[in-house]
Amino acid sequence: MTWTFQVLYPNKFSWVWGNPTDSLHHKSSTILSDCWTGHVSTWPAYGAGHNILQKRKPCSAPDIKYYRSAEQSAKVVSKPRYLEQLETYLKRELQSLNLTGVKAQELRLQPFREVFEYFIEDFKTYKPLLSAIKNEYEVTLAHQREQIRELEPLKALLVTVSEHCDQKIQAMHEEERLEIKTLKHEKLSLMKMIEKMNEDKYSLQAQVSKLQEELAEAYLQYRNECDARKLLISDINELRYQQEDMKSSHIHDKHGDDPVTLAIALKVARKDLAQTQIELNTMKADYGNVVPRRDFENQEKKLSELLQKIDVLQKDMCQLHKEHKSLLEINQQVLAQRDAACAELEELQLNSTPRPAWEKCTDVLPGVFERLLSQPERKSSDQLVNILLTEMGTRLLKDKEFFIGMGKGDTLPAHLQHEGPIKNVKLSAKEVSVLLRDVWKEKIASDEQRGKQSSLPEFFIDYLQKRFGDAAVEWSYSVHESCRVYITNESMHLFYKILMGQVDEDQYHALTNIQSSLLNELVSADSGNDGLLTQKQFSAQLRNTFPLKSMDEIQDLLDIADSQLLTEGNNIPYKSLFTEDEEGRPGPFIAALWNQFAAEKKQYLKQLKNKLGNRDIKPEDLRMSFLAVDPTIDSQTLDRYISRGFLAPTDQFEQIGSMAIKQVFQNLEAGNIYRMGPATSV
């Protein structure tokens, strides 16, 4: 026997006691309808007199006594009790749920589904229609989930194709960089050759000038000697003529020549002398500047040889000038192609996936994205997503008053083993950074004193208990959640990963050792102890500290140091590169060192994976791969790497079977793995 809610006609109903299939159903319904009938509740317009049972559960049957006393209740407009109970139940269920997980929406839908089912069960007249509506929605939701599941492989394929394109672009960039380096070296060698030929040209020009001066001096000397010879010959002839005259006069006097004959002879002699003098003057005028033919031919031969050499040098110089000009044009073209390729690479990196309209976030997070979008350097979508998650996580963390303890299971870290609600201390990033710095300092000192490395979660909770006493759990959960949501703070998020066992503690010590070793090298090179080093000294110490880094990586560090310090002179205040901000974030220079360390580790593991292929491997396979990729690795380090990859001690290597290569490399990525010697081609 049950109560049945019967609709008599539109907006009229009655509750019927008995079996709906009973023959007395019509009579009972007629009697009860005479006792109490009314309109279907359309609260709040007709709320008076329609109060539901005060203590009825959402899924229980109605009580006839309540309806008999309903007419005598106060005529106060109120919400139906059944509606209040359903809303209270729904509110309580939603508050008990943890809506911070991945499937929060599905958890939130479950209370609504239960309330709807209660509603369908109580209103049996409308149950078929409401059930059909509910089933149709369930089928639609299942169809949507199936479509989402089918699209997941496409998403993974898209990510794989994007990574492959990035690798191709990086390879093209490396090839262009090597080609540019080769062209630069060729250009420098040609410039040196041109300088050498210019020096030879200047030397030959100096020799030609000197020879011309010597030729002019020799020509002047020869001309003076010729004139002196002609004067000497003239004097000799004159003396000979005088001697002959004296002899002829003496003969005439002796033999008694005729004076008339002598006069005629003298006249003829004078005439011959005048003719000879004219011819002599003509010869002087015509050949006064003439040199001996032998000397002239020698000088002409030397001049011809020098002119030939000058002509050859001039042709070589013209050829070199043309080649230099063509090389400059090629260099300009290569530079233009490089700039275009860099711009295209940057554009491809920014547009490899559709960038969301981040401006929409300014309404939800005012000030954050306006500050980021106004910066000159563009950030990638991954960086913006990290910033968005950090901001949203920080705000949710500030609004949260209590945490829910995760229990006391053995699989949980020691600092999270607690049950019940935990108060949120609401720490700032600066407070968390100061606390973590003190935790690392105390742990390093404790490990050195004990002689072995302790578990960070256990030491962390012991440290908090010594410092904060009973409030240690509150601080533990608050610090844990703060480090989890501060994704953009590398130091804090690394502490969270170490706490959760995602990364080995050795990786933190490796990063700190990189900083300390570099700082020690720079301090040792600072002879003046004034905190300043020249660009050359700073570059040399970088190469000495990191001998395995390429010249491009060293140059990137130098450029980042210059941009961080804004140095205008030749000196670098190197100690300013190792400072942190108030939230514990390292500067751009140290962040670049960390990024290069992560990139080198990723490249190292990639070479190992390429060497092994896609198959199950054994410890011996991993050992051979390490020795092939890094021949200089020592046996102790190699055993440590293999132990980290297979999560087994050294003495159990022979007992270990094959393991999936994916799992092995996940273990290696969590450990402190780095190259011991120079890279080899794989």
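For the structure itself, look to the data block above.
Quick caveat: nothing in here was measured; it's all calculated off a predicted structure. (Residues numbered from 1 in each chain as written. Predicted model: local features only at pLDDT ≥ 70, side-chain atom pairs only at ≥ 80, totals over all residues. Heavy atoms only, no water.)

Student: Summarise helix α18 (residues 588–612); cite the residues concerned and give the values.
Tutor: Spanning 25 residues, α18 covers 36 Å between terminal C-alpha atoms, matching the ideal 36 Å at 1.5 Å per step. Just past α18, the residue G613 takes up positive phi, approximately 85°. (Helix = DSSP H or I, 4+ residues; strand = E, 2+ residues; numbered from the N terminus. Expected span 1.5 Å × (residues − 1).)

Student: Account for the nonpolar core, naming residues and giving values.
Tutor: Counting 56 residues, the largest nonpolar core has F495, F538, L542, F589 and L593 as the members making the most contacts within it. For this core, the secondary structure elements donating two or more residues are α11 (429–450), α12 (456–468), α13 (472–485), α14 (490–499), α15 (505–525), α16 (535–545), α17 (551–565) and α18. Top contributing element to this core by residue count: α15, with seven residues. Those residues within four positions of L593 in sequence are excluded, and the remaining contacts are I514, L518, F546, K549 and L557. Counting residues in hydrophobic clusters, the runner-up holds 21 residues, among them F626, I633, F653 and V664. (Core = buried A, V, L, I, M, F, W, Y, C linked by side-chain atoms within 4.5 Å. Buried < 20%, exposed > 50% of the residue type's maximum accessible area, 1.4 Å probe, protein only. Contact = heavy atoms within 4.5 Å.)

Student: I'd like a rundown of the environment of L593, residues and numbers included.
Tutor: Residue placement: L593 occurs in helix α18. For L593 and L511, which are 82 residues apart along the polypeptide, the C-alpha to C-alpha distance reads 8.6 Å.

Student: If you had to explain the packing of aromatic side chains to someone new, which residues and values would you point to?
Tutor: The tally for this structure, following the rule as stated, stands at eleven aromatic pairs. A centroid spacing of 5.5 Å and a plane angle of 75° characterise the contact between F460 and F495, whose relative ring orientation is edge-to-face. You can see F460 sitting in helix α12 and its partner F495 sitting in helix α14, a full 35 residues away along the chain. When the centroid spacing of 5.4 Å and the interplanar angle of 40° are considered together, the rings of F626 and Y641 count as tilted. Taken together, the residues span a long stretch of sequence, with F626 in helix α19 (residues 619–629) and Y641 in helix α20 (residues 635–646) at a distance of 15 residues. Each member of the pair, F626 as well as Y641, carries the same accessibility label: buried. A cation sits over an aromatic face here: K549 above F546, 5.2 Å from the ring centre. Between K609 and the ring centre of F665, over which it is positioned, the NZ or CZ distance is 6.0 Å. (Phe/Tyr/Trp six-rings, centres within 6.5 Å; stacked < 30°, edge-to-face > 60°. Lys NZ or Arg CZ within 6 Å of the ring centre and 35° of its normal.)

Student: Any chance you could break down the side chain of N667 for me, citing the residues and the numbers?
Tutor: Note that N667 resides in helix α21 (residues 661–670). With a relative accessible area of 8%, N667 lands in the buried category.

Student: So what's going on with empty space enclosed by the protein? Which residues, and what values?
Tutor: A complete count under the given rule lists two cavities of 30 Å³ or more for this structure. What the second largest cavity holds in volume is close to 40 Å³. When residues of the lining of the second largest cavity are traced back to their parent elements, those giving at least two are α5 (127–255) and α7 (293–351). Of the residues belonging to the lining of the second largest cavity, the class tally is three nonpolar, one polar and two charged. (1 Å grid on protein atoms, 1.4 Å probe; cavity = no way out; pocket = protein on both sides within 12 Å on 5 of 7 lines; lining within 4 Å. Points joined across faces, edges and corners; volume = space filled by probe spheres on them. Nonpolar A, V, L, I, M, F, W, Y, C, P; charged D, E, K, R; others polar.)

Student: So, the pattern of salt bridges: which residues are in play, and what are the values?
Tutor: One pass over the structure, following the stated rule, counts 22 salt bridges. With a closest N to O distance of 2.5 Å, R644 and D504 form a salt bridge. Separated by 140 residues along the polypeptide, R644 in helix α20 and D504 in the loop between α14 and α15 bring together distant segments of the chain. We classify R644 as buried; its relative accessible area is 18%. Look at D504 and you get partly exposed, because its relative accessible area is 22%. The network of salt bridges with common partners includes E174, R177, K181 and D552. (Salt bridge = Lys/Arg side-chain N within 4 Å of Asp/Glu carboxyl O.)

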